[in-house]
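# Summary of the model geometry
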Protein chains: 2
Amino acid sequence: MKITPLSPTFDDIKKAYALIKKYANRTPVFTSRSVDERAGCKIIFKCENFQRVGAFKFRGACNAVFSLSDEEAQKGVATHSSGNHAQAVALAAKMRGIPAYVVMPENAPKIKVKAVKGYGAKITFCESTQQARESTLEEVVSKTGATFIHPYDDTRVIAGQGTAAIELLEDHPDLDMILTPVGGGGLLSGTSISAKSLKPDIKVVGAEPEMADDAFRSFKSGQRIPVQNPDTIADGLRTSLGELPFSIITQNVDEIVTVSEDSIKESMRFIWERMNMIIEASCAVPVSAVFDEKVDIKGKKVGIIITGGNVDLDNLPW
Amino acid sequence: MKITPLSPTFDDIKKAYALIKKYANRTPVFTSRSVDERAGCKIIFKCENFQRVGAFKFRGACNAVFSLSDEEAQKGVATHSSGNHAQAVALAAKMRGIPAYVVMPENAPKIKVKAVKGYGAKITFCESTQQARESTLEEVVSKTGATFIHPYDDTRVIAGQGTAAIELLEDHPDLDMILTPVGGGGLLSGTSISAKSLKPDIKVVGAEPEMADDAFRSFKSGQRIPVQNPDTIADGLRTSLGELPFSIITQNVDEIVTVSEDSIKESMRFIWERMNMIIEASCAVPVSAVFDEKVDIKGKKVGIIITGGNVDLDNLPW
C-alpha cells in the first residue's frame, strides 16, 4: 500500500484542540455494568451526545469556522447536511458572529430543522438527493461568497473530529481498541490519526450498517465505492465515505465491520434503558458490533465514541 | 410550631454516606444552556438517573440493607413498591447476599418488574391499592421473618436519600436553592436535613403534581392529608406523604409548589430533547416549577435533583 503523509497531521489535531477548547464541551465518559456484562469486556463510552448541539460534529465545524481568516469569515459559511453538521456549523458561526447558510433536504427530521433555525442560520431546502444538495449549495455559495464547510471531506473538519479521541485517551490511556461508526468517515479518520499517534498499538475499528456498507466494501476492495440512498435507520450514516477520509482510513484503520438493522434497533434501546441516555441510531452501530461479536473484544478495554443524541421523539424505532 | 429533634440527624446522614459510598455511584452534575436560558437562572442537575438501578432510591435502600445486623439480615428484606424502591432493595440485598421479597402491584411497568426479577428478588403481585400492598406485605413478612424496608417512612431510608444533597453541595457549595419532587417525602426530607445543616440560609423547596397535591395541602394545613390513587403521569409521586417525612418537612422545608400535567409532559420532553438524557416524569416536576415561575429563582443558582430515569419506552407520554 502506498504510504502518503496524512492530512490532517496529529499536529493539526492538537492545534484544533487548543482552538476549540473554549467553545466545545469536554464530554464525560460513562460506563455501565449491564453493558460490560453483556459484551464480556470493559467499555468506555465517550459521550458526544452531551457535546454542544448534541453531537461530535460540533468539534469539526467549530475548528473549521474559527480557522477562517477574518476576511473569509465575514462572508459567512455554508454547508449541506441532513442534521448534526448543519447545527454545528450554525452554532459555530453564531459564536463567531458570522452568517451561516444551510442547505437541507426537505425530509430532514423536524427537530433538526428547528435547531438549525434556532441558531440563526438561513436554511434553503432542496430535494433529498446528493445531487440536489450539491447544486443548491453551489448556488448559495456563488450568491453569498460564503466558505463551504464540507461535513467530512475537509482537513479542518477531520482535525476537529480527531479531538474527541485525545480526550478519551487522556481519561483512559489503557484502551486496547476504539470503535466509531462510519458514515462520511470524518470521525473515524480523525480518531485513527489521534489514536495511532498517541498509542501506536491501539486498534481502531469502524462500524457500519449492513444496509449502508460502502466503507466496508471500499476498505476491502481498496477502491471507493459509493452507496445510493441507503435506507438504514442510522440516518447519520446514510452518506458515502468521503475521498479524504477514505485515504486516511485505508492507511490507518484496522478493520471495518457491519451490523444488521435489527441489531442496531435493539442495541439503541438497550442503551436507552440501561444507561438512561439518549443516543441516535448511528451510535448503536459500534455497540452492536461489540454485542454481536463482530470484533474480538473478550476481556479487552474498548472505547466507543457515542456520536450524538438528536432523535425525533415522535418517530422512535419501537 | 413545635420544634422536636429531627430523625434522622445530619450525623445519621453522614454515617449513611460513609456506609453506602462503596456501593452507590457518585452521580455527575449536568448543566444546560438551553435550560438556563429558558429558566432565567443557573440550574445544576444532580443526575440520580445515572445512579445504580437508575434512581436515587438506591441510596436509601442501600443504607437500610447494610445497617441491618447479621442476624436480621440473614432472614432477608421485604418491601412493597411500584418500582424504583423495589429495584433498589433487590440490588442492595443481592450485594449483601441476602434474600429480597418484593410486593408489586399488578399494573407496575413491565420494565420495572423485569429489573426487580433481574436482581434476583422474589416477587409477589397484588392489587394496585395501598391496602392490598400492605396486607400482602404483612403475609410475606410473617412467613419469612424478613425486615420490612419502607420506601420512605423509615429513618435509615431518609438518611440514605439525604446523601445526594451532600454530594450536590460538595460540587456546588454556592447554591441558593434546592428543589426536589415530593411523593412519599423521603428525598425531600433527607435533602432538607443535609442542605440546612450544610448551608442554613439555603432554600429547600418541594415540587408536586397538582393532581397529587397532598404534600402541598398537608404543608399548608399543618395536617397530613392523604391522596387517593391520583392519576398523575408522574407515577413516582402517586404515593401519599409519609408521617416521618411530613414531620421533617413541616420544620425544614421552605415551600411546596404544584404544577400541571401538561407542564410536566412538556418539561420532560424538553429535558429529553435538549439534554439527551432520559428522565422520568417525576423528575420533570421541579423543572416545571422553575419554568412556570412557581418559585422565585430569577438570577439565582438552583440545584434540582433528577430522581430517576426508569421509563417504559413503549408507553411514552407523546
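Residues numbered from 1 in each chain as written. Chains lettered and ligands numbered in written order. Predicted model: local features only at pLDDT ≥ 70, side-chain atom pairs only at ≥ 80, totals over all residues. Heavy atoms only, no water.

A few words on the nonpolar core. A:Phe45, A:Trp272, B:Phe45 and B:Trp272 are the most contacted members of the largest nonpolar core, which has 84 residues in total. Beyond its immediate stretch of four places on either side in the chain, A:Trp272 contacts A:Met277, A:Ile278, A:Ile279, A:Val311, A:Leu313, A:Leu316, A:Trp318, B:Trp272, B:Ile278 and B:Leu313. (Core = buried A, V, L, I, M, F, W, Y, C linked by side-chain atoms within 4.5 Å. Buried < 20%, exposed > 50% of the residue type's maximum accessible area, 1.4 Å probe, protein only. Contact = heavy atoms within 4.5 Å.)

Okay, the domain arrangement of chain A next. Residue and element names in this part refer to chain A. Domains assigned within chain A are domain 1 (10-55 + 156-306) and domain 2 (58-154). A straight line from the C-alpha centre of domain 1 to that of domain 2 covers 23 Å. Each side of the interface is counted separately: domain 1 has 34 residues, and domain 2 has 26 residues. Summing both sides of the interface, domain 1 and domain 2 together bury roughly 2400 Å²; the carbon and sulfur share of this comes to 54%. Viewed at the interface, domain 2 and domain 1 are joined by three salt bridges. In this structure, Arg 156 engages Asp 154 in a salt bridge whose closest nitrogen and oxygen atoms are separated by 2.6 Å. At the junction of domain 1 with domain 2, the criterion picks out 14 residue pairs in polar contact (both at pLDDT 80 or more). (Domains from an automatic or database assignment. Buried area = accessible area lost by both parts, 1.4 Å probe. Salt bridge = Lys/Arg side-chain N within 4 Å of Asp/Glu carboxyl O. Polar contact = N/O pair within 3.5 Å; in protein donor to acceptor, adjacent residues only side chain to side chain.)

This next bit is on the interface of chain A and chain B. How large an interface is tends to be reported as the accessible area lost when its parts come together. Counting residues at the interface gives 22 residues for chain A, matched by 22 residues for chain B. Here chain A meets chain B over a buried area of about 1900 Å², counting both sides, of which 53% is carbon and sulfur. Ranking the residues of chain A by area buried against chain B places A:Arg33, A:Asn276 and A:Leu313 at the top, with a combined share of 31%. For the interface between chain A and chain B, the tally reads two salt bridges.

Next up on the list: the sheet that holds strand S4 (residues 100-105) of chain A. Residue and element names in this part refer to chain A. Pairing is parallel in the open sheet, where four strands are placed in the order S5-S4-S3-S6. Two strands bound the open sheet, and with one partner strand each, they are strand S5 (122-126) and strand S6 (147-148). Pairing of strand S3 (residues 77-80) with S4, which is carried by four bridges, proceeds in the parallel orientation. If you follow Ala 78 over to S4, its bridge partner there is Tyr 101. (Pairing = 2+ DSSP bridges. Helix = DSSP H or I, 4+ residues; strand = E, 2+ residues; numbered from the N terminus.)

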